[in-house]
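Read off the chains here:
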6 protein chains.
Amino acid sequence: MASLRPIDYADAAPEVRAVYDDIKRTRRIEDVNNFWKYLAHDPLTLKRTWESIKEVMVPGALDAVTKEMVYLAVSVTNGCAYCIASHGAAARKAGMSDAMFGELMAVVGMANETNRLANGYRVPIDPAFDK
Amino acid sequence: MASLRPIDYADAAPEVRAVYDDIKRTRRIEDVNNFWKYLAHDPLTLKRTWESIKEVMVPGALDAVTKEMVYLAVSVTNGCAYCIASHGAAARKAGMSDAMFGELMAVVGMANETNRLANGYRVPIDPAFDK
Amino acid sequence: MASLRPIDYADAAPEVRAVYDDIKRTRRIEDVNNFWKYLAHDPLTLKRTWESIKEVMVPGALDAVTKEMVYLAVSVTNGCAYCIASHGAAARKAGMSDAMFGELMAVVGMANETNRLANGYRVPIDPAFDK
Amino acid sequence: MASLRPIDYADAAPEVRAVYDDIKRTRRIEDVNNFWKYLAHDPLTLKRTWESIKEVMVPGALDAVTKEMVYLAVSVTNGCAYCIASHGAAARKAGMSDAMFGELMAVVGMANETNRLANGYRVPIDPAFDK
Amino acid sequence: MASLRPIDYADAAPEVRAVYDDIKRTRRIEDVNNFWKYLAHDPLTLKRTWESIKEVMVPGALDAVTKEMVYLAVSVTNGCAYCIASHGAAARKAGMSDAMFGELMAVVGMANETNRLANGYRVPIDPAFDK
Amino acid sequence: MASLRPIDYADAAPEVRAVYDDIKRTRRIEDVNNFWKYLAHDPLTLKRTWESIKEVMVPGALDAVTKEMVYLAVSVTNGCAYCIASHGAAARKAGMSDAMFGELMAVVGMANETNRLANGYRVPIDPAFDK
């Protein structure tokens, strides 16, 4: 089996181009990332994923940089190399400074550590947290 | 083997009490959570973990509620029931509203989904992210 | 420490060759994948793993392509790059079409998302599921 | 912080009721699962998640029982107790027999094992898988 | 769907009883754990899993307590509550002291933390590790 | 966003150099690994992580090679490529033989498999493990 190839705008079907156009317009960028060029092999998933991302990542009760940092925190926890690179870049673009990145990684590291300490010591949930 | 029992203040050794006292003073609470009462079986890990948490969770480039929400995002991704309960409570206490919680979960969900789409489609990292 | 090197047929001990031969015969292939050439450093694990795989992956109540797609779904969830590549190829060989791959990834993505939503909202199991 | 409470139909806002109604109609069930009654705290996420699930889980190139078994395989890999219970039930309802369940678990187990063997032996991807 | 019920010795088929007998003889115990009583729903998986465990857990280059501690470390990392309980008990039985447990958890915690720091900082592998 | 660059000794600030010096002295090595050269972007995290690692990895109730093998087991389970390479090397240096490595991987593989079997069969914890 060959691995998939990215689908560039020039070769894309109309419904794929429509999504690419919306991504470029929304994010004010000249071309879409590889992520979208691979998802384009399944236009339905491409469209649904983009529309979900657009809805979820719009600033609301949480601002853009917080959302991107949370995205990065999850990606680091899961060890997804592509997502760490792409959402690291997105978080920087949204305003994450070096100091913010450093503190973010420190929290992510501690959370991953204490998650396992809680598991290993079989700590029962305090009644106060279940009221 | 019996599962461990929590170590209450009254039964704690002096070096454990010293950590409990510092937690209670720093967080302005009357008693420490189960997490600490179980870690107390290993006073060295108790002390190191608390001092690390204290250093990492102090507001800095990221404020307290952002740090607690990131902690919660990692705990949800890992499925640590204890940590979801305790850091959910801590995030609420630090100011996370219902709307912030809803958006946080939405981002955590999408990140976990797209991490796997990136894995499954074997998306190569865009050169722009590696400059 | 040097990383391990693959053990080719020509250099393999008799008990390793016997496993290689069985893999090649069973799968009707000319050479075994890197996975087996590395496991060959531990002939006991090589033999046990191959015999388990052979027993588990034989068509039964589930057919071959379904089993390979489930294997791929797990590998994508865990982010194992080698297994995504090898079981993606195996699933294709067993009959997974582009459309089946697209739908598989969509389900894997949604499951990873909703697993975390269920964690984060701390949803209790419905009594109907425990009857 | 109190943990969340499920939102029953009688107490639900109109936009939540509309989703509940569509779930009940689509799945021909009398009431929705706890998962939806908790997501209802965020009507936007409730609606988006349901519409995504509805689109993804409809039989297509993969039939309903295959999709539910993949969902279960992912949930078992992630250790999401709620999702294991709910999608185990859904897979049964869609036609998963005892024998199919047994083989599914065997594949999920082996995949989780060999994913780590591939990691631990640092097996490089065969050139044939990247052509 | 009902959740599965454990299969006790009195109700077990001959091939299941044969495995139960071998477990009891090998481990010098009077009854098998729930794990085996549930796997018994699939006698083939029961037999294969037991024979693999028996082969893998026998003392060799690593002694029994080291193997059980590694099993526990993995189970804690994955957050498998059943396995943490059962292999915690097994490790104790094999000789794990309170001090050994404490140090084990400390290592597991640090490894989970630094795994994410390495991910998040995108640290490239040192050439010395690939020689 | 550019990815980070390693910070070499010559370019390091005094507080970073102090940590590098302590690592080199403690481990009797001539230069520190990339892990530390990247963490150096956040001197506070560099210092805290090193001091924690130094405290945790010192031989105590568990010897050095056991601790490194547990570190490797966790890293393999999480699929952290950098940590598998670096702690694989460290375990070898501390005395892990080929046979020990083989048995370690076999245990890690089985644990990852049976963790999911326990999840999937929804095995309840035996009362004996909770006494």
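Residues numbered from 1 in each chain as written. Chains lettered and ligands numbered in written order. Predicted model: local features only at pLDDT ≥ 70, side-chain atom pairs only at ≥ 80, totals over all residues. Heavy atoms only, no water.

1. Some details on helix α4 (residues 64–78) of chain D
Taking 1.5 Å per residue, 15 residues should reach 21 Å; α4 of chain D reaches 21 Å between its end C-alpha atoms and fits that length. A positive backbone phi angle near 70 degrees is found at Gly79 of chain D, which sits one or two residues after α4 of chain D. (Helix = DSSP H or I, 4+ residues; strand = E, 2+ residues; numbered from the N terminus. Expected span 1.5 Å × (residues − 1).)

2. Here we look at the pattern of salt bridges
Under the definition given, this model contains 60 salt bridges over all chains. With a closest N to O distance of 2.6 Å, Asp22 of chain C and Lys54 of chain C form a salt bridge. Of the two residues, Asp22 of chain C sits in helix α1 (residues 14–27) while Lys54 of chain C sits in helix α3 (residues 43–57), which places them 32 residues apart along the sequence. Residue class for Asp22 of chain C comes out buried when judged on its relative accessible area of 16%. Ionic pairing is found between Asp31 of chain F and Lys37 of chain F, a salt bridge with its closest N-O pair at 2.7 Å. For Asp31 of chain F, a relative accessible area of 38% puts it in the partly exposed group. (Salt bridge = Lys/Arg side-chain N within 4 Å of Asp/Glu carboxyl O. Buried < 20%, exposed > 50% of the residue type's maximum accessible area, 1.4 Å probe, protein only.)

3. A look at the relation of the copies chain F and chain A
Rotating chain F by 120 degrees and translating it 0.0 Å along the rotation axis places it on chain A, where the RMSD comes to 0.0 Å. Here the two chains are linked by the operation of a three-fold rotation axis. Among all residues of chain F, the minimum C-alpha distance to the rotation axis is found for Gly79 of chain F, at 4.3 Å. (Least-squares fit on C-alpha atoms with pLDDT ≥ 70 in both.)

4. Digging into the interface of chain B and chain A
Contacts between the two partners involve 60 residues from chain B and, on the opposite side, 60 residues from chain A. Carbon and sulfur atoms supply 73% of the area that chain B and chain A bury against each other, a total of about 5300 Å² over both sides. The largest share of the area that chain B buries against chain A comes from Val107, Tyr121 and Phe129 of chain B, three residues that together contribute 12% of it. If you look at where chain B meets chain A, you find 4 salt bridges. Here Lys67 of chain B ties to Glu103 of chain A by a salt bridge, and the two come within 3.0 Å at their closest N and O atoms. Where chain B touches chain A, the interface holds 24 residue pairs in polar contact (both at pLDDT 80 or more). Sorting elements by how many residues they give to the side of chain B that touches chain A places helix α6 (residues 98–120) of chain B first, with 17 residues. (Contact = heavy atoms within 4.5 Å. Buried area = accessible area lost by both parts, 1.4 Å probe. Polar contact = N/O pair within 3.5 Å; in protein donor to acceptor, adjacent residues only side chain to side chain.)

5. Considerations on the relation of the copies chain B and chain A
The transform that puts chain B on chain A rotates by 180 degrees and translates by 0.0 Å along the axis, for an RMSD of 0.0 Å. The two molecules are tied by a two-fold rotation axis, judged by turn and shift. Comparing interface residues between copies, 100% of those in chain B also lie at the interface in chain A; the contact surface is shared.

6. Observations regarding the interface of chain F and chain A
Across the boundary between the two partners, chain F contributes 9 residues, which contact 10 residues of chain A. Summed over both sides, the interface of chain F with chain A buries roughly 620 Å², with 53% coming from carbon and sulfur. Here chain F is connected to chain A by 1 salt bridge. For Arg122 of chain A, the salt bridge goes to Asp130 of chain F, with nearest N and O atoms at 2.5 Å. Linking chain F with chain A are 2 residue pairs in polar contact (both at pLDDT 80 or more). Here the residues of the side of chain F that touches chain A sort into 4 nonpolar, 2 polar and 3 charged. (Nonpolar A, V, L, I, M, F, W, Y, C, P; charged D, E, K, R; others polar.)

7. Some words on the packing of aromatic side chains
Any pair of aromatic rings gets described here by the distance separating the centres and the angle formed by the planes. A full pass over the atoms with the stated rule returns 36 aromatic pairs over all chains. Ring centres 5.1 Å apart and planes at 70 degrees place the aromatic pair Tyr121 of chain B and Phe101 of chain C in the edge-to-face group. Taken together, the residues span two chains, with Tyr121 of chain B in the segment after α6 and Phe101 of chain C in helix α6 (residues 98–120). Centroid distance Phe35 of chain D to Trp36 of chain D: 4.9 Å. Interplanar angle 75 degrees. Geometry classified as edge-to-face. (Phe/Tyr/Trp six-rings, centres within 6.5 Å; stacked < 30°, edge-to-face > 60°.)

8. Regarding the nonpolar core
For soluble globular proteins, the rule of thumb is that nonpolar side chains tend to be buried together. Counting residues in hydrophobic clusters, the biggest one holds 294 residues, and the most contacted among them are Trp36 and Leu104 of chain A, Trp36 of chain B, Trp36 of chain C, Trp36 of chain D, Trp36 of chain E together with Trp36 of chain F. Setting aside residues no more than four positions away along its own chain, Trp36 of chain C makes contact with Tyr20, Ile23, Arg27, Leu46, Thr49, Trp50 and Ile53 of chain C. (Core = buried A, V, L, I, M, F, W, Y, C linked by side-chain atoms within 4.5 Å.)

9. Quick look at the side chain of Asn34 of chain F
Note that Asn34 of chain F resides in helix α2 (residues 34–39). Asn34 of chain F sits in the buried class, given a relative accessible area of 12%. Engagement of the side chain of Asn34 of chain F in a polar contact is seen with the backbone oxygen of Pro124 of chain E, the distance being 2.9 Å. Setting aside residues no more than four positions away along its own chain, Asn34 of chain F makes contact with Val123, Pro124, Ile125 and Asp126 of chain E together with Pro6 and Tyr82 of chain F.

10. A look at the confidence of the model for chain A
Averaged over every residue, the pLDDT of chain A is 96; residues scoring 70 or more account for 98%. Scored by ipTM, the complex comes to 0.97, with pTM at 0.98. (pLDDT = per-residue confidence, 0-100.)

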